[in-house]
Structures are given as C-alpha cells and as structure tokens.
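Here is what each chain is made of, one letter per residue.
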Amino acid sequence: MKRTELTRNTTAYLFDEIEDYYTCVFLIEKKSTIFVIDTFCGSISMEPILRHLARVGKGKQVIVVNTHFHWDHVWGNVAFQDRTIIGHRFCYEDLATSWQSQIDNRGRYRLGRVERVLPSLTFDQSLRFPAEKIEIFHSPGHTRDSISIFDHEEGALYVGDNVETPIIYVEAPDVDTYIQTLEHYLARSARKIFGSHTLEITPADIENSIDYLKKLKTGTGVVFRSEYEKTIHSQNLSMLK
Ligand SMILES: [Zn+2]
C-alpha cells in the first residue's frame, strides 16, 4: 500500500494486491467530518486508515461512502460498522443480492475479516453536506448504482470506476446513460478528477471514454493497443447482449 497526498485535505491510499490494476481509497478531511471513499478488500486493508483516523479524527465524525457495490470497494465496510456508510439505494439492493456470489467468485482477494455490512444511509439523486462543501450524486454508468463525489472547495471530482485508463469496464447495459454521466462530468469543469483504478484522470480521458462507448454501441471502430484492452472490450460487448 502506498499513501499519497493529493490536495491540502485529501489523501489517496493505493492498494496493489489485485493483479491488472491498483485500487484507491480516498480520505477527504474537512473541518468537522472525514469522508472515507470506499473500503477495499477487508479489515486488514483498512488498518492504516483506522490508525490515521485515530490520530487526526479526534472530535470529527467519520462518514464512509461506497462508490458502488463491487467487492473491491466494499469489503472493508466491516471496519466501519459503527459509522454511517453512504451508498445509492441500488448499491444497497445490489450488494445485498450479490453478496454471496462476490465472495464465491472473488473470495481469494479477502484481506482479513469480511462481513456483510451494507450502506446504512441510502439516497436517490444527491446528498449534500453544505458545511463541508461536499456533494454526493448518482452517476450511473459502470454500474447502475455508481455515485460520485464533488468537493466544491477543491474543485475535485471523484468518479469511482466510471472512468479509467486504458479502457473502462462496462458492467451495466445502459450505455446511453453512461454517456450522459460522462458528459455531466465534463460540464462540471472540475480542477482535478480522481478515479478508483486510475488516480489522475484528465478531461481527455473522459472524452476518450465517451468515444469508446459510442463505438461499443455500434460494435465497430475500436482500436486496441494491448491484449488487456481487447479482453476487457470483449467482456464489455457481452454485457450489452
Ligand atoms: Zn467496479
């Protein structure tokens, strides 16, 4: 695990226990609240974060956000059972129904204790923390429950798995909605954009993803630079069938 300071008030923890990509957990530290964005793969992976919170979190509330229901973003929820865990209402539903199948398929990636801990606070469109200048909003794309975080103070946008390079993972069939979400990201004119598996994202990366989704719809014109991209693309195609 590597720890990187991103902005005055934001830290990224980069985990590399899964092959092919790294996974980020973000800490956004505000005046009275610390937001923990995603929880990676279990209790052990959250230990450095709990230690950090014990040092700097005195008198602050800790709020956990699950960007979507996938195992590599939620299995560390077990370390925050007594905290508020925010997720989209679909995250609650989809995590509940897929809990066991995710354990069955990806259980080898568990790091320490993993228990079924679902979001304790769900929403439909958006949630705001005005004093902290944090907005959390529904941004369906990668999955139907995907949510994003906008820090109005820093102009920083956290997109979860909706954008990554070299190629995005399409795990929901509604490509038009995915494109709308990405266009909405561009319209926000964020100063910085962070993804869960690609730390720093540029507007060009978002434009390329939109372009890719348009080609995915027609099934033509996609150019691959690696076998990895080819593999993910064929998985994406089968999602649309
Ligand atoms: Zn995902």
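Refer to the structure printed above.
How each quantity is defined
Residues numbered from 1 in each chain as written. Predicted model: local features only at pLDDT ≥ 70, side-chain atom pairs only at ≥ 80, totals over all residues. Helix = DSSP H or I, 4+ residues; strand = E, 2+ residues; numbered from the N terminus. Buried ≥ 20, exposed ≤ 12 C-beta atoms within 10 Å, placed from the backbone. Contact = placed C-beta atoms within 7 Å. Pairing = 2+ DSSP bridges. Axes fitted to C-alpha atoms, helices over the stretch in contact; angles between N-to-C directions. Expected span 1.5 Å × (residues − 1). Bend = angle between axes of the 7 residues up to and from the residue. Core = buried A, V, L, I, M, F, W, Y, C linked by C-beta atoms within 7 Å. Parallel < 35°, antiparallel > 145°, perpendicular 65-115°, else oblique. Left-handed = near helix turned anticlockwise from the far one by under 90°. Nonpolar A, V, L, I, M, F, W, Y, C, P; charged D, E, K, R; others polar.

## A look at the overall build of the protein chain
Looking only at helices and strands, the protein chain features 6 helices and 13 strands. Once the C-alpha set of the protein chain is aligned to its principal axes, its extents read approximately 55 × 40 × 35 Å. The buried share among the 241 residues of the protein chain stands at 38%. Here the analysis covers contacts within the protein chain between residues at least 6 apart in sequence; of these, 65% occur between residues at least 24 apart.

## Remarks on the sheet that holds strand β7 (residues 121-123)
Here 7 strands make up an open sheet; going across it, the order is β1-β2-β3-β4-β5-β6-β7 and the pairing mixed. The strands lining the two open edges of the sheet, one partner per strand, are β1 (2-7) and β7. Between one strand axis and the next, the sheet turns through 20° on average, direction left out of account. Each of β6 (84-88) and β7 is contacted by helix α3 (residues 89-106), which is oriented at about 95° to β6, the strand it contacts most.

## Quick notes on helix α1 (residues 43-56)
Two residues of an α-helix separated by three or four positions point the same way, owing to the 3.6 residues in each turn. In a regular helix each residue adds 1.5 Å, so 14 residues correspond to 20 Å; α1 covers 20 Å between its end C-alpha atoms and thus fits that length. The sharpest bend along α1 measures roughly 30° and falls at I49. Taken as a whole, α1 has its buried residues at S45, M46, I49 and L53. The secondary structure elements touched by the buried residues of α1 are β2 (10-15), β3 (23-29), β4 (33-37) and β5 (61-65).

## Regarding the environment of S101
Its place among the elements puts S101 in helix α3. Looking at S101, the number of C-beta atoms within 10 Å reads 10, which means it is exposed. Between the C-alpha atoms of S101 and L27, which are 74 residues apart in sequence, the distance is 29 Å.

## Notes on the pairing of strand β9 (residues 134-138)
The pairing of strand β8 (residues 126-129) with β9 spans 4 bridges and is antiparallel. In the strand pairing of β9, F129 is matched with I134. The antiparallel hairpin formed by β8 and β9 contains 4 residues in its connecting segment, where K133 sits at a positive phi of about 55°. Pairing analysis gives 5 bridges linking β9 to strand β10 (residues 147-151), with the strands arranged antiparallel. Bridge assignment links I134 to a residue of β10, and that residue is D151.

## Digging into the sheet that holds β9
Spatially, β8-β9-β10-β11-β12-β13 is the arrangement adopted by the 6 strands of the open sheet, whose pairing is mixed. The outermost strands of the open sheet, each flanked by one partner alone, are β8 and β13 (200-201). Across 2 bridges, strand β12 (residues 192-194) lies against β13 in antiparallel orientation. Following the sheet pairing, I193 is matched in β13 by I201.

## A few points about the environment of T11
Mapped onto the elements of the fold, T11 is located in strand β2. Sequence-wise, T11 and L27 are 16 residues apart; in three dimensions their C-alpha atoms are separated by 5.2 Å. Look past the residues within four positions of T11 in its chain and what remains in contact with it is R3, T4, E5, L6 and L27.

## A word on the nonpolar core
Core analysis: the largest hydrophobic core is formed by 55 residues, its most contacted members being F26 and I37. Ranked by residue count, the leading element in this core is β3, at 5 residues. Once residues within four sequence positions are removed from consideration, F26 is found in contact with T10, A12, I37, Y158 and F194.

## Things to note about the environment of Y158
Among the secondary structure elements, Y158 is positioned in strand β11 (residues 156-158). Sequence separation between Y158 and S148 is 10 residues, and the spatial gap between their C-alpha atoms is 5.5 Å. Not counting residues up to four positions away in its chain, the partners in contact with Y158 are F26, I37, S148, I149 and F194.

## Quick word on the packing of helix α4 (residues 175-187) against helix α5 (residues 203-218)
Across the interface, α4 lies against α5 with an axial gap of 10 Å and an inter-helix angle of 165°. In terms of their interaxial angle, α4 and α5 are classed as roughly antiparallel. Judged by the twist between their axes, the crossing of α4 over α5 is left-handed. Where α4 abuts α5, its residues V175, Y178, I179, L182, E183, Y185 and L186 lie against P203, I206, S209, I210, L213, L216 and K217. When the residues that make up the contact of α4 with α5 are grouped by side-chain class, the tally is 11 nonpolar, 1 polar and 2 charged.

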